[in-house]
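# A structural walkthrough
Read off the chains here:
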Amino acid sequence: MAPGAVAMASVAAATTWRLVLLLLLSIAGLGAADGPRPPNILLLLMDDMGWGDLGVNGEPSRETPNLDRMAAEGTIFPNFYSANPLCSPSRAALLTGRLPIRSGFYTTNGRARNAYTPQEIVGGIPDDELLLPELLKGAGYVSKIVGKWHLGHRPQFHPLKHGFDEWFGSPNCHFGPYDNRARPNIPVYRDWEMVGRYYEEFPIDVKTGEANLTQVYLQEALDFIKRQQAAQHPFFLYWAIDATHAPVYASRPFLGTSQRGRYGDAVREIDDSVGKILGLLQNLRIAENTFVFFTSDNGAALISAPKQGGSNGPFLCGKQTTFEGGVREPAIAWWPGRIPAGQVSHQLGSVMDLFTTGLSLAGLAPPSDRAIDGLDLLPAVLRGRLTDRPIFYYRGDTLMAVTLGQYKAHFWTWTNSWEEFRQGVDFCPGQNVSGVTTHTQEEHTKLPLIFHLGRDPGERYPLSFASTEYLDVLRGITPVVQQHQKALVPGQPQLNVCNQAVMRRQARVGQGHAGLMTWRSRRGQTLAPAGPACESRPRDGTCLCAPCSTKMGGSSVPVSAAPRNPQSTVGMA
């Protein structure tokens, strides 16, 4: 079937499944007098958690009993992918259902350059992007984000301006601590108000790994669920915590309890928290009307492993790369009484699918005025029906690879530069594969490296160019990629420019105004906003600012390298 016909068939199937779902809910007696009440939606998004971190995926210490039970009671997706090997673009894709290059979550400052949203980034999620919570309002949902936003720091990028009704968390990860001179510690917000900063009002002991943040985030989730159940509102809860991102942390009762060290302590606390959330849904008797999905934003950061990073199982490399270890994620769907227990779905899935699936659960159609890359997963989880589709992998503005069926074709291979590698920055420790894990950007657009992921999940043995299998696969993949590239309209890049004034003047947006608050140091001194400046970070491979001699606001601006805690430069975003 032609790709266009496949897309039309998918739209028709999604419409049919929305009708079937509403009928099922109505029969189950979950509807109100004026129509069926749509199910609650709970997305549990982890940070830098690897495919191999769950016992159900083969982690030998088996320290995730609640997640393993969740898989046994629901559906596990062994072939589920992030939309990018770095967290900001992946999170933008989850909430928009679109590849990051469509929404502008990339940089053009260099080929295949990863980028995210540090404190000083100027860009963020564009106003014309439609996010899942925004659209769910049309079905009466109340939405909350708990944890890491990572889609921009400035007032116009605040999550409550993009559909969320409540927020407790931070616009960034818990990098730091900083000296509050050149750089402030990262703020924590409750809705519009800044309520503190990491390492200050929300302490994290980098030496011991002790922090109570996961418990705080857990309580925020439990309280929100209770309130919405009491009010009889359908809810969308986006629980985006970051304990497994370096520097990893856990609360005191979990420190030292894992066979896997501090990272394992963080995973154990997350597992315990997931168990408490699912338990509350059951105690409130709303589990059968709540769709829960667990996954991660990108692969484990092997650069931080083993003490501060996780496991990608049998897959090649990790975060920052488009090899399987950087983009294949743990994924579990749970919906008692709706999703058959103990099911394994071989649907090729993506975090972008959670956008389309969320809309389908609410009885809503995806926007028709833009390209949507996410697929509705309900046919797969409710009836085991699989849909053929490609998965495209980008680094920055560069299409690196595509998966179609069991085959993955690499058009470019690159881990990171020789300069970074010689400085100890290694995204694929102990996994050198000659001609594959390259430290120069190698082009394969004419003859891509093709792997059969069923026989070779570790991407170590590319198919022979001369084989009939290779030629057959190439003939199938080529038109799919050509059609994608021909139709692609990239968004305006949001991750090109940094300005220290953004971080020096943290947003504090009140009801009815959009003012900026000059940030204060931990000693209470008011510090003047910095002038425009661009910061280069050659070591970590995630520099976002324009090259050294850039123009901002009509004047030439020199590069300045603000002091940083060395631990916070490893495994950025």
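Chains are numbered independently. Their residues run from 1 in the order of the written sequence. For a predicted model such as this one, the threshold for reporting local features is a pLDDT of at least 70, and the threshold for listing and counting side-chain atom pairs is 80 or more; totals across whole chains, interfaces and linings nevertheless cover every residue. Side-chain calculation: all heavy atoms of the structure are included, whereas hydrogens and water are not.

The protein chain appears in an unreviewed UniProt entry as N-acetylgalactosamine-6-sulfatase from Lynx canadensis. UniProt positions are given in the numbering used here, feature names are shortened, and annotations may be inferred rather than shown by experiment. Word for word, the UniProt comment on the protein chain under Sequence similarities (unreviewed entry) is "Belongs to the sulfatase family." As its UniProt record puts it under Subunit (unreviewed entry), the protein chain is described as follows: "Homodimer."

To characterise two packed helices, one gives the angle between the axes of the helices and the distance between these axes. Relative to each other, helix H6 (residues 213-231) and helix H7 (residues 261-283) sit at 10°, their axes nearing to 10 Å. On the basis of their axis angle, the class for H6 and H7 is roughly parallel. When H6 is examined against H7, the residues Thr214, Gln215, Leu218, Ala221, Leu222, Ile225 and Lys226 are found in contact with a partner set consisting of Glu269, Ser273, Lys276, Ile277, Leu280 and Leu281. Under this grouping Gly is polar, as are all residues other than the nonpolar Ala, Val, Leu, Ile, Met, Phe, Trp, Tyr, Cys and Pro and the charged Asp, Glu, Lys and Arg. Its residues assigned to classes, the contact of H6 with H7 shows 7 nonpolar, 3 polar and 3 charged. Under this scheme, a helix contributes an axis fitted over its contacting stretch, all axes are lines through C-alpha atoms, and angles between N-to-C directions fall in the 0 to 180 degree range. In this description a helix means any DSSP run of H or I spanning at least four residues, a strand means any run of E spanning at least two, and both kinds are numbered starting from the N terminus. Comment on the angle field: the value is read as roughly parallel under 35 degrees, roughly antiparallel over 145, roughly perpendicular from 65 to 115, and oblique elsewhere. Throughout, a residue-residue contact means that at least one pair of heavy atoms, one from each residue, lies within 4.5 Å.

Attention now moves to helix H9 (residues 353-361). A large share of H9 lies buried, amounting to 9 of its 9 residues. Those residues of H9 that sit buried are Asp353, Leu354, Phe355, Thr356, Thr357, Gly358, Leu359, Ser360 and Leu361. Relative accessibility decides the category of a residue: with a 1.4 Å probe and only protein chains considered, values under 20% of the type maximum give buried, values over 50% give exposed, and everything between is partly exposed.

Glancing now at the side chain of Thr290. Here Thr290 shows up in strand E9 (residues 290-296). Residue classification places Thr290 among the buried positions, given a relative accessible area of 0%. The contacts of Thr290, once residues within four sequence positions are left out, are Asn40, Leu42, Leu281, Trp334 and Trp335.

Next up on the list: the state of the cysteines. When the sulfur atoms of two cysteines come within 2.5 Å, that pair is taken as a disulfide. With the rule as written, the count across this model stands at 1 disulfide. With its sulfur 2.0 Å from that of its partner, Cys317 forms a disulfide with Cys428. Residues Cys317 and Cys428 are joined by a disulfide whose S-S torsion is about 105°; by sign, that bridge is right-handed. Here Cys428 lies in the loop between helix H11 (418-422) and strand E18 (442-443) and Cys317 lies in the loop between E9 and helix H8 (324-327), a separation of 111 residues in the sequence.

Let us look at the nonpolar core. Formed by 73 residues in total, the largest nonpolar core has its most connected members in Leu43, Leu136, Trp149, Phe236, Tyr238 and Phe293. For this core, the element with the most residues is helix H12 (residues 468-487), which contributes 6 residues. Note that the domain bounds were set by an automatic or database domain assignment. The residue makeup of this core includes at least three contributed by each of domain 1 (40-387) and domain 2 (398-489). Discounting residues that sit within four places of it in the chain, Phe293 has contacts with Leu42, Leu43, Leu44, Phe77, Phe80, Ala331, Ile332, Ala333, Leu354 and Leu377. Among buried residues, the Ala, Val, Leu, Ile, Met, Phe, Trp, Tyr and Cys ones that are joined through side-chain atoms within 4.5 Å form a nonpolar core. Cys173, Phe175, Ala243 and Ile270 belong to the second-largest nonpolar core, a separate cluster that totals 54 residues.

Strand order in the open sheet made by the 4 strands is E14-E15-E16-E19, with antiparallel pairing throughout. With partners counted over all chains shown, the strands left at the sheet margins are strand E14 (390-395) and strand E19 (449-452), one partner each. If you compare each strand with its neighbour and ignore which way they point, the axes differ by 20° on average. The sheet contact formed by E14 and strand E15 (residues 398-404) spans 6 bridges and is antiparallel. In the sheet register, Arg395 faces E15, and the bridge partner there is Thr398. Across the sheet, H12 touches E14, E15, strand E16 (407-410) and E19, and the angle it forms with E15 is around 125°. Two strands are said to pair when DSSP picks up at least two bridges between them.

Once that is clear, we can look at the layout of surface pockets. Only protein atoms enter the 1 Å grid used here, on which a cavity is any set of points holding a 1.4 Å probe that cannot leave and a pocket is any open set flanked by protein within 12 Å on both sides along at least five of seven lines; residues with an atom within 4 Å of a point are listed as lining. Grid points are joined across faces, edges and corners, and a volume is the space filled by probe spheres set on the points. Approximately 310 Å³ is the volume found for the second largest pocket. Every residue lining the second largest pocket is counted, 15 residues in all, and those nearest its centre are Asn79, His346, Leu348, Gly405 and Gln406. Taken together, the residues that form the lining of the second largest pocket break down as 4 nonpolar, 8 polar and 3 charged. Two domains share the lining of the second largest pocket, each providing at least three of its residues, namely domain 1 (40-387) and domain 2 (398-489).

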